[in-house]
Amino acid sequence: TGIWKAYTEQKPVQAVLDAYMKAMAAKDVDSAYDLFSPRVQKVATPAKLREMLQGNNYVVFENYESLTIVNFNISAAANTNPDAPQGTVAKVDGKITYSDGFEGSFNGTLEKVDGTWKIYGIFVTVPPNKIQP
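Here goes a summary of the coordinates provided.

Rules behind the numbers
- Residues numbered from 1 in each chain as written.
- Predicted model: local features only at pLDDT ≥ 70, side-chain atom pairs only at ≥ 80, totals over all residues.
- Heavy atoms only, no water.
- Helix = DSSP H or I, 4+ residues; strand = E, 2+ residues; numbered from the N terminus.
- Buried < 20%, exposed > 50% of the residue type's maximum accessible area, 1.4 Å probe, protein only.
- Contact = heavy atoms within 4.5 Å.
- Areas by Shrake-Rupley, 256 points an atom, 1.4 Å probe, with all protein chains shown as cover.
- Lys, Arg positive; Asp, Glu negative; His and termini not counted.
- Charge placed at Lys NZ, Arg CZ, Asp CG, Glu CD.
- Core = buried A, V, L, I, M, F, W, Y, C linked by side-chain atoms within 4.5 Å.
- Polar contact = N/O pair within 3.5 Å; in protein donor to acceptor, adjacent residues only side chain to side chain.
- Salt bridge = Lys/Arg side-chain N within 4 Å of Asp/Glu carboxyl O.

1. Notes on the overall build of the chain
For the chain, the helix and strand inventory stands at five helices and four strands. Ordered by position in the sequence, the α and β elements of the chain form the string α-α-α-α-β-β-β-β-α. The buried share among the 133 residues of the chain stands at 37%. Counting only contacts in the chain whose residues sit at least 6 apart along the sequence, the fraction spanning at least 24 positions is 56%. Element-wise, carbon and sulfur atoms account for 52% of the exposed surface of the chain, whose accessible area totals about 7,500 Å². Positive and negative side-chain charges of the chain, numbering 13 and 14 respectively, have mean locations separated by a distance of 4 Å.

Right, dumping it as structure tokens:
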């Protein structure tokens, strides 16, 4: 059943991450913020996301085309820290394709909140030559 759960949950997790990248590429901070877990929203504001769209930071999202999950790990998490991910938690990493020919990578943690996957954290890396003009 664990393998089946991982298989069935991978597409919805990928869809949330894709929606996040598309929203950030479109500079739609409100839509991107809505994809984050309530635990994250307690401490992070939309202003933090706006900062990620300023200057060279935006290259992480600019020309975003698609992402593919390479590693997917799903587990049940119970933590005494109420701010840590709880319940059904997915840890993922994979690759990102950009329309300008670059390829990046990502890793993220998501938690299921009321039946919907929400982002707890995501880190995107691009090659240095994408950042430098």
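So much for the structure itself; the text now carries on.
2. A few points about the nonpolar core
In this structure, Val13, Leu17, Tyr20, Met21 and Ile119 are the most contacted members of the largest nonpolar core, which totals 36 residues. Listed by contribution, the elements that provide at least two residues to this core are helix H1 (2–25), helix H2 (29–34), strand E1 (64–77), strand E2 (87–98), strand E3 (103–113) and strand E4 (116–125). It is H1 that contributes the most residues to this core, eight residues altogether. The contact partners of Met21, leaving out residues within four places of it in the chain, are Val60, Phe61, Tyr64, Leu67, Ile96, Tyr98 and Val124.

3. A closer look at the side chain of Lys130
Following the sequence through the fold, Lys130 ends up in helix H5 (residues 128–131). By relative accessible area, Lys130 is classed as buried at 8%. Within the structure, Lys130 has its side chain in polar contact with the backbone oxygen of Val59 (distance 3.3 Å). Polar side-chain contacts of Lys130 include one of 3.2 Å to the side chain of Asp100. Aside from chain neighbours lying at most four places away, what touches Lys130 is Val59, Glu62, Tyr98, Asp100 and Phe102.

4. What about the pattern of salt bridges?
Overall, the coordinates contain six salt bridges when judged by the stated rule. With a closest N to O distance of 2.9 Å, Arg39 and Glu111 form a salt bridge. One end of the pair, Arg39, is in helix H3 (residues 38–41); the other, Glu111, is in strand E3, and 72 residues separate them in sequence. Accessibility expressed as a relative area gives 23% for Arg39, which makes it partly exposed.

5. Things to note about unusual backbone geometry
The backbone phi angle of Lys27 is positive, close to 60 degrees, even though this residue is not glycine. For Lys27, the position within the fold is in the loop between H1 and H2. By relative accessible area, Lys27 is classed as partly exposed at 49%. In this model, Asn63 sits at a positive phi of 65 degrees, which is unusual for a non-glycine residue. Tracing the backbone shows Asn63 in the loop between helix H4 (46–51) and E1. By relative accessible area, Asn63 is classed as partly exposed at 34%.

So, to be careful, I would describe these as geometric facts and stop short of saying anything about function.
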